[in-house]
Amino acid sequence: MNLRLRYWLKNLAIKTGSIKVLRKARDTIAPPVQVDYRLLEQTGEVPFPTSATIEPTLACNLECTMCFQNDYRARGIAKELGTDVLIHVLKSLPRAIRFVYFVGGEVFLRKGFTRVLEAADARGIETFVTTNGTRIGNEDWGVLGRLRHMTGIGFSLDGIGPVHDAVRGAGTYETIVGNIRRALAVQRTYVSFVMMESNVGQMPEFARTVAGLGVREIGFQHEIYCLPEDLRESRRRLGWSGQDEIMVTVKDQDWAPESRQQLAASLSAMPSLEREFGFVAAYEPPLPPDTMSSFYDGTIRSTTRLFCRELTNLFLDPAGNVLHCGFLRKKFGNVLEQPVEAIWNSQPMREFRKTLLDGNLLPVCRRCCKLSIWPDGGAPSLPLQETVASATTLVMPDRVEKSGVRIDGAPESQEPALRN
């Protein structure tokens, strides 16, 4: 189906409230990747995916307060593939890869990035680009308007005016809003908001403002971080000692009770705002309502059996290394040195997956955007521990359903949350 027609139908479904019907039809026509979960647990083996996430660069022009890449950049950016080599890698990907998500850093800082997009388009690969929205040039817009297989542009916006600028930098709000307006004229446009203690009270006003621009898809991502003890224990379990093998924001403490109360109030207001202003909200991770308190008090791994959606997605860093994800960055092989199919189910990758699942994921994963409930349910593989009483019961909107592991070109459940 023509992409423009596809997203016209999707926007119509959002406006008329029939988006669930459209998604069911989509899943019937193009079922998600089928995973043998019993085999995965036993052997760590996963079918080759249909999607890939590629980091063209980790360079960025901003220093956002919650960004897990800041410390890495402060030590100096590692060598990146040249544009011609990156295009070669893209063209060499197995035909099974139908969707590619480009994330950063800031992708539009990467010299030759639009050439990479054009190469993907020429091969018929559907692409989704995430950007901080501050560095898109006039020539870039020309290319973005011509791409036939681009499924959308995801912008990062974390509040209105000064609230956003306090997170991302003075003057960035107006620049990003201007580029969102421009993007709406040429491509499907998605706006993502990181829910932090500094901005959760502004969520309803933010939703009204962004929907007023004409945006029909708004993503709300729970803040990703871990505590120092989470990082230490995760390194111990994996046997990883390298400084950059785990790249995640580390905070001294979890959210204060009053911040969680504010978040609960903002979340409860969202369904009525969706109906009133004609947008659809997506949540990362898309957990069911009854898990949100354990997600915020840090006990979710002891109360809920979890799955990582990155297990069914190929992830390449700027040098062509295969990683598990943007946070757990051990290199399992390089696509310039061996076929990616050989790396995908190699013994190191299979052993890593088994370790990840045997521990019901890792302590650093407890607030990750890629958390999902284990597809066939069941108790967590960790022994149940005494849970910490939640200071606030967080209420997610009733329509949020149990998450699956769908992989496709839509960011509603797979939006790359490696934030710019």
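Residues numbered from 1 in each chain as written. Predicted model: local features only at pLDDT ≥ 70, side-chain atom pairs only at ≥ 80, totals over all residues. Heavy atoms only, no water.

**So, the overall build of the chain**
Here is the rule: The helix and strand labels rest on DSSP assignments: H or I over at least four residues marks a helix, E over at least two residues marks a strand, and numbering proceeds from the N terminus. When a residue's accessible area, from a 1.4 Å probe over protein chains only, is under 20% of the maximum for its type it is buried; when over 50% it is exposed; and in between it is partly exposed. Contacts were defined at the residue level, with two residues in contact if any of their heavy atoms lie within 4.5 Å. Residue burial considers only the protein chains on display, and all accessible areas are found by Shrake-Rupley using a 1.4 Å probe.
The secondary structure content of the chain amounts to 16 helices and eleven strands. The buried share of the chain, reckoned over its 420 residues, is 60%. When contacts within the chain are restricted to residue pairs at least 6 apart in sequence, those whose partners lie at least 24 apart make up 79%. Element-wise, carbon and sulfur atoms account for 51% of the exposed surface of the chain, whose accessible area totals about 16,800 Å².

**Considerations on the side chain of Thr-291**
To keep it simple, the criterion reads: In the analysis that follows, any N or O atom pair within 3.5 Å is treated as a polar contact, provided that within protein one partner can donate a hydrogen and the other can accept it, and provided that, for residues neighboring in sequence, both atoms belong to side chains.
Its place among the elements puts Thr-291 in the loop between β7 (280-284) and α13 (292-297). For Thr-291, the side chain forms a polar contact with the main-chain oxygen of Pro-288, separated by 2.8 Å. Contact partners of Thr-291, with chain neighbours within four places excluded, come to Ile-300, Thr-304 and Ile-373.

**Re the state of the cysteines**
Going by this rule: By disulfide we mean two sulfur atoms from cysteines, separated by a distance within 2.5 Å.
Under the counting rule described, the total for this entry stands at zero disulfides. With no disulfide of its own, Cys-64 has Cys-60 as its nearest cysteine by sulfur position, at a separation of 6.0 Å. Owing to a relative accessible area of 2%, Cys-64 belongs among the buried residues under this scheme. No disulfide involves Cys-325; its sulfur sits 6.1 Å from that of Cys-368, the nearest cysteine. Judged by its relative accessible area of 6%, Cys-325 falls in the buried class.

**So, the packing of aromatic side chains**
Spelled out, the test is: Pairing of aromatic side chains requires ring centres within 6.5 Å, counting the rings of Phe and Tyr and the six-membered ring of Trp. Pairs whose planes differ by under 30 degrees are stacked, by over 60 edge-to-face, and all others tilted.
As enumerated under the stated definition, the model contains 17 aromatic pairs in all. Ring centres 5.6 Å apart and planes at 80° place the aromatic pair Tyr-37 and Phe-307 in the edge-to-face group. Taken together, the positions of Tyr-37 in helix α3 (residues 37-43) and Phe-307 in strand β8 (residues 306-308) put the pair 270 residues apart, joining distant regions of the chain. Like Phe-307, Tyr-37 is buried. Here Phe-108 and Phe-113 contribute two aromatic rings whose centre-to-centre distance is 5.4 Å and whose plane-to-plane angle is 90°, an arrangement assigned as edge-to-face. Across the pair, Phe-113 and Phe-108 agree in class, each one buried.

**Here we look at helix α6 (residues 113-122)**
For an α-helix, 3.6 residues make a turn, and residues three or four places apart therefore share a direction. Counted residue by residue, α6 has seven buried out of ten residues, so it is predominantly covered. Among the residues of α6, Phe-113, Thr-114, Val-116, Leu-117, Ala-119, Ala-120 and Asp-121 are the ones counted as buried. Its buried side turned inward, α6 meets α5 (83-92), β2 (99-102), β3 (126-131), α7 (138-146) and β4 (150-156). Gly-124 sits one or two residues past α6 and shows a positive phi near 85°.

**Notes on the pairing of β3**
The following threshold applies: In short, DSSP must find at least two bridges between two strands for them to pair. With its strands directed away from the observer, a crossover is right-handed exactly when the path from the first strand over the helix to the second travels clockwise.
The buried fraction of β3 amounts to six of the six residues, a majority that puts the element mostly inside the structure. Residues Glu-126, Phe-128 and Thr-130 line one face of β3 and the alternating positions Thr-127, Val-129 and Thr-131 line the opposite face, and both faces are buried. Bridge analysis of β2 against β3 gives four bridges, and the strand direction is parallel. Across the sheet, Val-100 pairs through a bridge with Thr-127, a residue of β3. This β-α-β element, β2 to α6 to β3, shows right-handed connectivity. Sheet analysis places β3 next to β4, joined by five bridges and oriented parallel. Note on β4: the bridge partner recorded for Thr-131 is Phe-155. Regarding topology, α7 serves as the crossover connection from β3 to the parallel β4, and that connection is right-handed.

**What about unusual backbone geometry?**
That bond from Gly-104 to Gly-105 is cis: its omega, 20°, falls within 30 degrees of zero. Tracing the chain through its elements places Gly-105 in the loop between β2 and α6. Following Glu-284, the chain continues to Pro-285 via a peptide bond in cis, the omega torsion being -5°. Mapped onto the elements, Pro-285 comes out in the loop between β7 and α13. Positive phi, normally seen in glycine, also occurs at Leu-361, with a value near 70°. Looking at the element boundaries, Leu-361 is found in the loop between α16 (347-358) and β11 (371-373).

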